[in-house]
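Below are the chains, spelled out letter by letter.
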Amino acid sequence: MVVGVDVDDLPSGLMEFALEVAQARGAALEVVHVATRPELSGTGPTGPALMDDEAVSSSAQEGLENVLAPYRSHYPGLDLQGRVKRHQPAQALVDASRQAGLLVVGSHGRTGLKRLLLGSVSGKVLHTALCPVVVVPAAHTDRAES
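Quantities reported herein were computed from a predicted structural model and do not represent experimental measurements. Each chain carries its own residue numbering, running from 1 in the written order of its sequence. Whole-chain, interface and lining totals are the exception, using all residues; otherwise, since this is a predicted model, local features are given only for residues with pLDDT of at least 70 and side-chain atom pairs are given and counted only at 80 or more. Where side-chain values are given, they derive from all heavy atoms of the structure, hydrogens and water being excluded.

> Please provide a residue-by-residue account of the sheet that holds strand β5 (residues 80-85), values included.
Two pairing modes exist for strands in a sheet, parallel and antiparallel, and in both the strands are linked by backbone hydrogen bonds. When DSSP finds two or more bridges between two strands, those strands count as paired. Per the convention used, a helix needs a DSSP run of H or I reaching at least four residues, while a strand needs a run of E reaching at least two, with both numbered from the N terminus. Taken in spatial order, the 5 strands make up an open sheet running β5-β2-β1-β6-β7, and their pairing is parallel. What marks the edges here is a single partner per strand, and that holds for β5 and β7 (133-137). Pairwise comparison of adjacent strand axes, ignoring direction, gives a mean angle of 25 degrees for this sheet. Relative to β5, strand β2 (residues 29-34) runs parallel, the two sharing 6 bridges. Lines are fitted to the C-alpha atoms to define the axes, a helix being fitted only along its stretch in contact, and any angle between axes, read from their N-to-C directions, falls within 0 to 180 degrees.

> Report on the pairing of strand β1 (residues 2-5), specifying residues and quantitative values.
Alternating positions in β1 separate into two faces, Val-2 and Gly-4 on one and Val-3 and Val-5 on the other, with burial throughout. Note: β1 against β2, 4 bridges, orientation parallel. Its bridge partner being in β2, Val-5 is matched across the sheet by His-33. Pairing between β1 and strand β6 (residues 103-107): 2 bridges, direction parallel. Along β6, the bridge assignment pairs Val-2 with Leu-103. Relative accessibility decides the category of a residue: with a 1.4 Å probe and only protein chains considered, values under 20% of the type maximum give buried, values over 50% give exposed, and everything between is partly exposed.

> Quick rundown of the pattern of salt bridges? Include the residues and the values.
We count a salt bridge whenever a side-chain nitrogen from Lys or Arg sits within 4 Å of a carboxyl oxygen from Asp or Glu. Scanning all chains against the criterion turns up 3 salt bridges. Two residues, Arg-72 and Glu-65, come together in a salt bridge whose shortest N-O distance is 2.7 Å. Residue class for Glu-65 comes out partly exposed when judged on its relative accessible area of 27%.

> Please set out helix α5 (residues 121-128) residue by residue, giving values where relevant.
Residues of α5 that are buried include every one of Ser-122, Gly-123 and Val-125, and no others. Take α5 and look down its axis: the buried residues cluster within an arc of 165 degrees, on one side only. It is the directions from the helix axis to the C-beta atoms whose arc is reported.

> Go over the confidence of the model for the protein, please, and point to the residues and values.
Note: pLDDT gives the predictor's confidence per residue, expressed from 0 to 100. This prediction gives the protein a mean pLDDT of 79; 70% of its residues lie at or above 70. Low confidence marks residues 47-51, where pLDDT is under 50. Its contacts with residues over four positions away, or in another chain, come to 16 contacts. Between two residues, a contact is recorded if the distance between any of their heavy atoms is within 4.5 Å. A low-confidence stretch, residues 140-146 (pLDDT under 50), is modelled with 11 contacts involving residues beyond four sequence positions or located in other chains.

> Describe the environment of Ala-129, and please don't skip the residues or the numbers.
Note on placement: Ala-129 falls in the loop between α5 and β7. The class of Ala-129 is buried, set by a relative accessible area of 19%. Spatially, the C-alpha atoms of Ala-129 and Gln-91 are 8.9 Å apart, while their sequence positions differ by 38 residues. Apart from the residues lying within four places of it in its own chain, the contact partners of Ala-129 are Val-94, Ser-97 and Leu-103.

> Go over the side chain of Ser-122, please, and point to the residues and values.
With respect to the element layout, Ser-122 can be found in helix α5. With residues near it in sequence (within four places) discarded, Ser-122 still touches Val-105, Gly-106, Ser-107 and Val-135.

> I'd like a rundown of the nonpolar core, residues and numbers included.
Val-3, Val-5, Met-15, Leu-19, Leu-29, Val-31 and Val-104 are the most contacted members of the largest nonpolar core, which has 24 residues in total. Elements with a minimum of two residues in this core: β1, α1 (12-25), β2, α2 (53-74) and β5. The greatest single-element share of this core, amounting to 6 residues, is contributed by α1. Setting aside anything within four residues of it in sequence, one finds Met-15 in contact with Val-3, Val-5, Leu-10, Val-31, Leu-68 and Tyr-71. Within this scheme, the nonpolar core is defined by two criteria: the residues are buried Ala, Val, Leu, Ile, Met, Phe, Trp, Tyr or Cys, and they are joined through side-chain atoms within 4.5 Å. Listed in part, the 13 residues of the second largest apolar core include Val-32, Ala-96, Leu-103 and Ala-129.

Shown next, in the form of structure tokens:
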């Protein structure tokens, strides 16, 4: 199984859903985070500097591991792997779906014109993934966090 996450905006309900399904299926869970924006490495004599791809990936992997640590302690028998990809989010998840039996993604609930203007990773994945896809709506994750 694969779940696509954004570590900067991760509703716990999305992870809980994916973890519960993986545990019920006895499946390993690959948690995929896509690092898409440049990160600053701090300031120097010429101001902030952009980190190279390797440093961004390393920093993102560390952040993902920090997010996954509490889930690992709550699901000790589950094979839980964190992966950082450097790609467009939808394409990275479609690529991950090649080896998955199920792909879980969240939705921010954008519909209509907002979806057309902002794009939708879950919408793109839903139409192009190579395995079944579950889209966990924002309303589901809000209830799970309450």
